[in-house]
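# Structural characterization, general
Each chain is listed here by its residues.
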Amino acid sequence: MLSTQTIGSRSRRFDAPEKALGRERFASDEYPESMLWAGALRAGVPHGLLRGVDTTQARAIPGVVAVLTAEDVPGENRQGFIHWDMPVLCGTKVRHAGDAVALVVAETRQILAEALLAIVLDIEPLPVVDGLDAALAPDAPLVHDLETGNVLKQASLRKGNAQAALARCPVVIEETFFTPQQAHCFLETENGTAYMAEDGTLHMTVSTQAPFRDRFEIGRALGLPPDRLHITAPFLGGGFGGKDGSTVQCLLALAAMHAGGRPVKMWWSREESMLAGYKRHAARMHFRLGAEADGTLTALICDLDYDSGAYAHLGVEIMALGLEHSSGPYRVEYLEANGRCIYTNNPVAGAFRGFGVAQVCFAFEGMMDRLAVRLGMDPLELRLKNAIRQGDKNGVGVVMTGSTGMAECLVGLQDHQFWRSRDEWVQSAPPLTRRGVGISAVYNGMGYGRGLADAAVAKIRLTGDGRFRVYNSVSDMGQGNSPTFVQIVCEVLNQNESQMELVQPDTERSHPSGSSSAGRTTYTYGKALIQACEAMRDKLLHRAAMVLMADEASALSLVPGAVRHTSSGRELPLAVLAGMLHPEDRVCIGEAMMPVTHDMPDGGESFRLGFPHLIFPYAAHLARVEVDELTGLVTVCDYVAFTDGGRVLNPQNFEQQVQGAVAQGLGYALWEDCVAENGQLRTTDFSTYVIPGSGDLPDIESHAVETEEESGPFGMKGIGEVGMNGPLPAVASALLRMGLPMIRAPFTPERVLKVLCGGNS
Amino acid sequence: MIISFVLDGEEQTLDVDGGLRAVDVLREYCGVTAPKEGCGTGECGACAVLVDGETRLSCLMLAAQMNGCIVTTAQGLGTDGPHPVQEALADLGGVQCGYCTPGIAVTAAEFLERNPDPTRKEIRDALSGNLCRCTGYHKIVDAVEDAAKRLQKEHGRGE
Ligand code: FES
Ligand code: FES
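Residues numbered from 1 in each chain as written. Chains lettered and ligands numbered in written order. Predicted model: local features only at pLDDT ≥ 70, side-chain atom pairs only at ≥ 80, totals over all residues. Heavy atoms only, no water.

Chain B appears in an unreviewed UniProt entry as (2Fe-2S)-binding protein from Halodesulfovibrio aestuarii.

As annotated in an unreviewed UniProt entry, chain A carries the name Xanthine dehydrogenase, molybdenum binding subunit apoprotein and is attributed to Halodesulfovibrio aestuarii.

This is the structure in structure tokens:
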């Protein structure tokens, strides 16, 4: 019998050829007939009272279709799918320089640009809250009028009495770490097209990670019924969390409502994306870690402050994940984690791969390295000794019932030649060069966590000509969930890839399946899809039984393109079978929900959503790093990652995810920093905000540690995020071992040089 | 102004404002969306196309500059079927979101013409003007290396 086994094999992504040929159509490739252009005027002032918006001149320009201000926004004029504090268009107050204050719809891009320049703003500047210290000062100006000052949310988690436990510890380490705002820099900037149909339905094609949720966000902000919003999400040109939540959506919908039925396109420039797009939260993290003399971790007390920027977006949930992950992938008996999410006039922070966890990984791994130095222990041994194992309780008291491959990842590194030969490599450093080998051990909860049903509904159709169409409903921002879905269908239905068609999310054709985030897409939708495929297989065998004259469906099997009577070899082509079935009968749907934990730490109740997690991917990373003593320049020479993502469905896709995440993490470690001075962004484009290029990175070796996650589809977990968390601490670990204790990322030559000269980073 | 050029093998004659950016003319007026815009300022390489066989950034070019030229995008790169670089990018995992890919494909294709047997370091240098935020470049470099071998074989057979 023909075998189409695809799960576990290194196969080419289904979507790759069209993309390589330049034929794939992203949202930004849509230029509908007779379309208009929409664009927003940004405040330019980080904090101020909006006294007036004079649109008279702009309206008078020929070719300007509409100039809209807050007064023209129906509905609540509020975005933010949990906290709803961000206006679509500012009416009274400006809270960061990228706030939208007016929206223009025009015939051409040139006219649009002209009209935006012709709008006159009257903004009375207010003192700028330019960072955590300014926000927390006793007389700080208020960004929002909260009773809690600029603190959007303060929360604590406790496991036992950490204060008392820490006081008993023979060894206590203390340090404060700082991480910067990071920009997503997906290559396709935020964009979409939309039009209002005569029947009042608004159709939108947009680069979004959450088409189904967008309907509610746009609907609420603009007072439109969600069932009148039809959203399609083609392949995204990158997302990484930055397209989770409304970017262009509400503005674009508003523009379409004023375009007389004509389609409107909005496409942010790179500069606008840097200014107004979401960022990773900058953080300040104060840690005190207590251990026994033999290196057994006992107690951790930490204070985490996250800079949310001007609006909440997902800040509270991101801080919650920081607290949840603050003690690392280790057994720590006593924990006290205090967090604050703080408003400032900086760019708005939001979701970004490693959602609040990338920050704390730098801190807890920094503590592990300092502890190893203090105790004179091997840093890998120390990690291995404390690594969390299946059946242990993690830092917040959740019992690890699923696959837990932290120790296996570390053992992988221990056996690697780069680790074994570390002393020789360090000693062979050329003159005026220091070398170090650093490691990190990281994890990242997957899925939405408790309190937010993490469900998916998958749909598959046998087409009239006997092929299978997969209705993906979780956006593919490049991570490769949708080609993996094709693989799953091929596997379960024993079909070839040539039999497959793949549809990207469309709120009228596919079913709500959550957002493309939290490393959950393949896990959750994949589970639902397996069910749908099994139902399809049963259905096809039963329907074919009549034709092939079999008494039982079990006498039949699916083979590529046909149903076969196994003993006689007679076949019924799927195209013929399809013709016999009613179109509605050719559809199968499956659904799945992610399991949650019922273990809760003290204090966790105060988070409503997404906390804590039950399933975690793990990773251990190694970086061989060189520092030029004259310039402070840090070069990563070699990189190795061991990752436990459960079973690997496609090694190629797995490596892609790891290598891409490591690259982004190395950018975070060495270059990337959204510098805002007094609320004004100084890193406005790719020449001032530097992301790694091909010459900046080494080859990235990826090894899979395949533990079986029994709850997952074919035993997999999600690895979208965990790879992001390792590079910053691994590079820091290498630098520490060279005698360079870095506490502030990124490790720019200036900062490294300062530490080389005996200063503080 | 009236401009004429050959785009992916087809004659184009357009009456457009010569001051428009080439990337917009190709995408909006000619409907060829392979050149992507990622920055508009010459930093990312997503908009790269071949103009008379040389890699050029179409976001930094004016429409008028295409007049009389042969312009090739990723869509028209292979003569009969996909270019080996495109096949290798797809086969070896050099494509994730795919937004940078058309720019990388044309840049790499031109590079391999000039340097048919490159080292990994040379490939990395050649692609240093093409940003990719998804892949970490490792598999892109693998693909270009592999494409070089495919091209050498094709060439060998042709002789
Ligand atoms: S769009 Fe032309 S180089 Fe970025
Ligand atoms: S594959 Fe997404 S930017 Fe390169």
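More follows now that the structure is in view.
### Overview of the overall build of chain A
The criterion, for reference: Segments assigned H or I by DSSP are reported as helices when at least four residues long, segments assigned E as strands when at least two residues long, and all are numbered from the N terminus. C-alpha atoms define the radius of gyration in this analysis, and the globule rule sets the expected value at 2.2 Å times the number of residues to the power 0.38. Only protein chains enter the accessibility calculation, which uses a 1.4 Å probe. A residue is then buried if its area is under 20% of the maximum for its type, exposed if over 50%, and partly exposed in between.
Of the regular secondary structure elements, chain A holds 21 helices and 30 strands. Against the 2.2 N^0.38 benchmark of 27 Å for 761 residues, chain A shows a C-alpha radius of gyration of 27 Å, consistent with a compact globule. The principal-axis extent of the C-alpha atoms belonging to chain A is close to 80 × 75 × 50 Å. Residues classed as buried in chain A amount to 67% of the 761 residues present.

### Notes on the layout of surface pockets
Here is the rule: In this analysis a 1.4 Å probe is tested at points of a 1 Å grid over the protein atoms alone, and where it fits but cannot get out there is a cavity; an open set with protein on both sides within 12 Å along at least five of seven lines is a pocket; lining residues have an atom within 4 Å of a point. Grid points are joined across faces, edges and corners, and a volume is the space filled by probe spheres set on the points. Lys, Arg, Asp and Glu make up the charged group, whereas Ala, Val, Leu, Ile, Met, Phe, Trp, Tyr, Cys and Pro make up the nonpolar group; the residues left over, Gly among them, are polar.
Within this model, the second largest pocket holds a volume of roughly 900 Å³. Lining the second largest pocket are 35 residues, with Trp37, Arg109, Gln110 and Leu112 of chain A together with Asp24 of chain B sitting closest to its centre. Going through the elements one at a time, β1 (36-42), α3 (109-118), β13 (264-267) and α8 (270-276) of chain A together with α1 (22-29) of chain B are the ones with two or more residues in the lining of the second largest pocket. Take the lining of the second largest pocket: its biggest share by element is six residues, from α3 of chain A. Of the residues in the lining of the second largest pocket, the class split is 16 nonpolar, eight polar and eleven charged.

### A short note on the UniProt feature "domain: Aldehyde oxidase/xanthine dehydrogenase a/b hammerhead" (unreviewed entry) in chain A
Rules: UniProt positions are given in the numbering used here, feature names are shortened, and annotations may be inferred rather than shown by experiment.
Mapped onto the present numbering, the UniProt feature "domain: Aldehyde oxidase/xanthine dehydrogenase a/b hammerhead" (unreviewed entry) falls at residues 21-127 of chain A. Here residues 21-127 of chain A runs as 14% helix and 32% strand, with 52 Å between its end C-alpha atoms.

### Some words on the sheet that holds strand β6 (residues 120-125) of chain A
Backbone-to-backbone hydrogen bonds join strands into a sheet, with any given pair of strands oriented parallel or antiparallel. For clarity, the cut-off: When DSSP finds at least two bridges between two strands, those strands are taken to pair.
Here three strands make up an open sheet; going across it, the order is β4-β2-β6 (chain A) and the pairing antiparallel. A single partner strand is all that each edge strand has here, and the edge strands are β4 (93-94) and β6 of chain A.

### Points about the interface of chain A and chain B
How we decide: Contacts between residues were defined by any pair of non-hydrogen atoms, one from each residue, lying within 4.5 Å. For any pair of parts, buried area is found by adding up, for both, the accessible area (1.4 Å probe) each one loses once the two are put together. The term salt bridge refers to a side-chain nitrogen of Lys or Arg lying within 4 Å of a carboxyl oxygen of Asp or Glu.
Opposite the 59 residues of chain A that make contact, chain B presents 45 residues. Around 4,000 Å² of area is buried between chain A and chain B when both sides are counted, 53% of it from carbon and sulfur atoms. When the buried surface of chain A facing chain B is broken down by residue, Ala20, Leu187 and Ser694 of chain A rank first, second and third, together holding 17% of it. Where chain A meets chain B, there are nine salt bridges.

### Things to note about the pattern of salt bridges
Should the charged atoms of two oppositely charged side chains come close, the side chains can pair. With the rule as written, the count across this model stands at 53 salt bridges over all chains. Among the salt bridges present, the one from glutamate 30 of chain A reaches arginine 25 of chain A, with a minimum N-O distance of 3.4 Å. Exposure remark for glutamate 30 of chain A: the relative accessible area of 26% places this residue in the partly exposed category. Of the charged contacts in the structure, one is a salt bridge between arginine 133 of chain B and glutamate 672 of chain A, with a shortest N-O distance of 2.7 Å. With one member in each of two chains, arginine 133 of chain B in the loop between α4 (120-126) and α5 (138-158) and glutamate 672 of chain A in the loop between α18 (651-670) and β28 (676-677) form a pair that bridges those chains. Several salt bridges converge on common partners, so that one network encompasses Arg12 of chain A together with Glu87, Asp91, Asp146 and Arg150 of chain B.

### Focus on the nonpolar core
For clarity, the cut-off: As used here, the term nonpolar core means buried Ala, Val, Leu, Ile, Met, Phe, Trp, Tyr and Cys residues forming a set that is joined through side-chain atoms within 4.5 Å. The domain limits used here are those given by an automatic or database domain assignment.
Counting 247 residues, the largest nonpolar core has Phe468, Val731, Leu735 and Phe747 of chain A as the members making the most contacts within it. A per-element tally of this core places helix α16 (residues 521-548) of chain A first, with 13 residues. When residues of this core are sorted by domain, at least three fall in each of domain 1 (2-76) and domain 2 (84-154) of chain B.

### Observations concerning the environment of lysine 19 of chain A
Heads up, the rule is: For the purposes of these results, a polar contact is taken to be a pair of N or O atoms within 3.5 Å, where, inside protein, one atom must be able to donate a hydrogen and its partner to accept one; residues adjacent in sequence count only when each atom of the pair is a side-chain atom.
Tracing the chain through its elements places lysine 19 of chain A in helix α1 (residues 16-20). Classification of lysine 19 of chain A by relative accessible area gives buried; the value is 1%. Sequence-wise, lysine 19 of chain A and phenylalanine 235 of chain A are 216 residues apart; in three dimensions their C-alpha atoms are separated by 9.9 Å. In contact with lysine 19 of chain A, not counting residues within four places along its chain, are Arg13, Glu24 and Phe235 of chain A together with Val95, Gln96, Cys97, Gly98, Thr101 and Pro102 of chain B. At a separation of 2.8 Å, a polar atom in the side chain of lysine 19 of chain A contacts the main-chain carbonyl oxygen of glutamine 96 of chain B.

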